[in-house]
Structure formats: structure tokens, C-alpha cells
Amino acid sequence: MAGPVGIYISVPFCKAKCTFCNFASGVFGSERMQQYVDRLCGEIGAAHVAALKVGASLPRTVDTIYFGGGTPSLLSASQFQRVFERLRGEFDLAGDAEITLECATGQLSDETLDELLKQGMNRISFGVQSFVDRETAAVGRLHTEQQCEAELARVRAAGVREINVDLIAGLPHQTAESWRYSVERAIASEAPHVSVYLLEVDDESRLGREMLEKGSRYSASAVPGEDETAEWYQWACTALGAAGVHQYEISNFARAGHRSRHNLKYWQRQPYLGFGLDAHSMLTAGDEAVRFANTSDLDEYLGSSAGENPFHLLDSTREESAPEVDVIGRDEAFEESLFLGLRLTEGVDLNRLRDQFGDAIIGDAMPSLFEVRDAGLLELNSEWMRLTPRGRLVSNEVFSRLLIPSAA
């Protein structure tokens, strides 16, 4: 896992919350957002000290930065300027660093866009979800198809070439025809990267509660079935591939040379560091690795001062934020290498696994690997393995079968 670190920055603010979402995000005023930026900058400034206290190695060089949320584009130009000043004070940004901004259509001001471009932002991920207005309105999104197309043109004119379009299969009122339309519009937009997700409804979200209670306010009865959405996903894989936007991960598709470098860090088990609410991290610690995460409670996150309790892990006097630093042992690291690597279309190189973990642990996993292979969910030979198209649809089931006996 040696090499530059990737940084994820959580910005948990939205203009409106999607009906299916129960992430650690919400609608807050400008004063709350400024308090958050203050706390975030303090956390960034304490990064290397905090890493030392958990015995982790934190490289100074950063080659990917990802602003996720929420809707990070709601921060002002001056707030972004301050965050980047703090990042550059604590880290060395690589000259070719990939800097991504998640963005909702119509929620990125010209002033903020200009500032981000000055700071090196070179990639934008648009949460389009659907190009059909009825479908986006049903889940609480505020944009229209026309606005999406105008926004794509605006950021291209400003010089942004690395653009991702997010689509979701399974939205209320979606049909096979409307899904095809959205995929075709994504292809026609010539965005070099497209993400396709199956709708996941949190039980505690507004839509989730309505589905459980069989209500009608949030169009729960209009949510398509799982079999339908699975067919739509498979159709999208074929259509995108035929258009030169090739699948490289279960949910991600890209033209040649346009894969998300930041997200690849997660799937390839490279080091990454998260700042902000509910942000997660994985860093090396000697021959092992450690994982840790910030609190998902905004009041708790804002409650600690800039120099205190960095990462919300290290102040032993605060029981409510006691450290949860997970040391990743050999068995767990092997399992992660399987689960994360199998998310990638190219799959897992078994020779590389043997070099890293030895033959014995792979031998322990073989009965489970043969089982999922015989079920038609995995392609497997002596050198590599990868999920079949059907296996990608039920990847969580596959991963649960691959828990090795010593770690089950």
C-alpha cells in the first residue's frame, strides 16, 4: 500500500435531502456551515500528529482529493480557498493530482467554480440520477433534464474535461423505456465517466419508512421491482460498453484513460485519509494497516476544538468518542483483497495474492471459491478470478460466501 495518499473530504450539507437517503447529511444554515469549515480545517492541520498517535504512516504527498457529501458545491469560494490553504500547509499536492467535486445541478456558483479551478479542481461528478424530470422530482431532486444539459455545457466551457454522470436504476415511476432514455442521454452527453447504481433505500429514510408502512406521499408504490432493475442494470452495461464507456467496476464505467483514480484507491487497498463528518480512513502501520472513522453525529463533530481529539479518536477522556482504530490482520487483509478486487471487472490476480499472503490461506479459501464458481457467479482459473455478470448483481452474496474459516 506504499505511495501517495488519497484524501476524502466530507461536506454533509444539502439544499434538499433525497427521499431515499439517510446519510450523515442535511439542510443547515450558513452559520453552521462556517462552523463546520472551521472544524474541518483544524482537523486537517492535525493530520500528521494524529497519524503518529495511532502508529500510522501518513505520506506527505497527496495525488487524489475527493470532495463528497452531501453537496460540497454549496461551500463558498472563500471557504474552499481556506480548505485548500490548510491542505497545502499539511500536505504536498502532486502536480498531476486528481481533484474531484461532487456536485448537484444548479448548485455550483460561477464564483465557486472559478476558485476551484484556481485550486486545481479538474474533475466533477454530477448527481444526475435520471434525465427524466418526473423521476428526479419524485425523490426530491431540484433539477430538470434541461438544467443538467446546460450545467454540463457550462463546466466544459470553463475547462473541466473529466466529468462523471451518476444514474440510479429503480427510482419511483421509472420504466424500462425511461431508463433507456436516461442511459442514452448520458452516452450522448459524451461524459467520459458514468456511474450506474441500483436504488438502495435506507429503512430510516422517508421513502424507506413509507415502503415499510405502505404509504403514498413519496411514491413508494411506484418503486420498480428488484428483478426489473437488475435487467435494466445489465442493459446499461451492454449499452455503455457498445458506446465505448467500458465497465471497470461493479458500478463504474469509463472511456479509456478516464477511470476515477481516487475511487481506485479504495478497491486496490491503497492508503486514504478522510476528513469531516462520518469520513473513513485506511493507513499503513508497519506491516499492517489500520482503519478508523469520524463520528456521524454533527453536534459531536463540531464539539471538539481544532487541536483537540483529531480524527475523533484520540482523546481518552471523552468516552462518547473513544477510539475505534481497527488493526487489519493478515486474514482480514486477505479477505479485503478478495472483496475489493472482485469489484473490479479485471478481477483478482491470484499470483499476486500468493506472493503477498502465501499458498496456505488461498488453499483455505478454495472450497468457497469453487462453490461460487459452480454457481455461475465467478470465473476462476489458476492465475485469476473475476465475477461473472450475474455475480456482479449479487456481489454481496458472493462476498459473504468467501469468508475464510479462520475469520468467519
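All residue numbers here refer to positions counted from 1 along the written sequence of the relevant chain. For a predicted model such as this one, the threshold for reporting local features is a pLDDT of at least 70, and the threshold for listing and counting side-chain atom pairs is 80 or more; totals across whole chains, interfaces and linings nevertheless cover every residue. Computation of side-chain values covers all heavy atoms of the structure but excludes hydrogens and water.

1. Quick notes on the packing of helix α1 (residues 30-45) against helix α3 (residues 77-90)
Thought 1: Contact pair α1 / α3: the axes reach a minimum separation of 9 Å and the direction vectors enclose 10°. Judged by the inter-axis angle, α1 sits roughly parallel to α3. Along its contact with α1, which presents M33, Q34, V37, D38, L40, C41, G42, I44 and G45, the element α3 presents Q79, R82, V83, R86, L87 and E90.
Thought 2: In this classification, the charged set is Asp, Glu, Lys and Arg, the nonpolar set is Ala, Val, Leu, Ile, Met, Phe, Trp, Tyr, Cys and Pro, and all remaining amino acids, among them Gly, are polar. Tallied by class, residues from the contact of α1 with α3 come to seven nonpolar, four polar and four charged. Axis geometry follows a simple rule: fit a line to the C-alpha atoms, using only the stretch in contact for helices, then measure angles between N-to-C directions, giving values from 0 to 180 degrees. Each helix is a run of DSSP H or I of at least 4 residues and each strand a run of E of at least 2, with the numbering of both proceeding from the N terminus. Each angle receives one of four descriptions, namely roughly parallel if under 35 degrees, roughly antiparallel if over 145, roughly perpendicular if within 65 to 115, and oblique otherwise. Residue contacts follow a heavy-atom distance rule, with two residues in contact if any of their heavy atoms lie within 4.5 Å.

2. Looking at unusual backbone geometry
Thought 1: Cis geometry marks the peptide bond from G69 to G70; its omega dihedral reads 15°.
Thought 2: On the secondary structure map, G70 appears in the loop between β2 (61-69) and α3.
Thought 3: A positive phi is found at Q129, a non-glycine position, where the angle reads about 70°.
Thought 4: Inspection of the secondary structure assignment puts Q129 in strand β4 (residues 123-129).
Thought 5: The backbone of E190 shows a phi angle near 65°, a positive value even though the residue is not glycine.
Thought 6: Here E190 is to be found in the loop between α7 (176-188) and β6 (193-198).

3. Comments concerning the pairing of strand β11 (residues 288-293)
Thought 1: Here, strands pair whenever DSSP counts at least two bridges between them. Bridge count for strand β10 (residues 280-285) against β11 is six bridges, and the pairing is antiparallel. Opposite T284, over in β11, you have A289 as the bridge partner.
Thought 2: Between β10 and β11, which follow one another and run antiparallel, lie two residues, and G286 among them has a positive phi close to 65°.
Thought 3: For β11 and strand β12 (residues 326-328), the ladder comprises three bridges, and the chain directions are antiparallel. Of the residues in β12, the one forming a bridge with R291 is D326.

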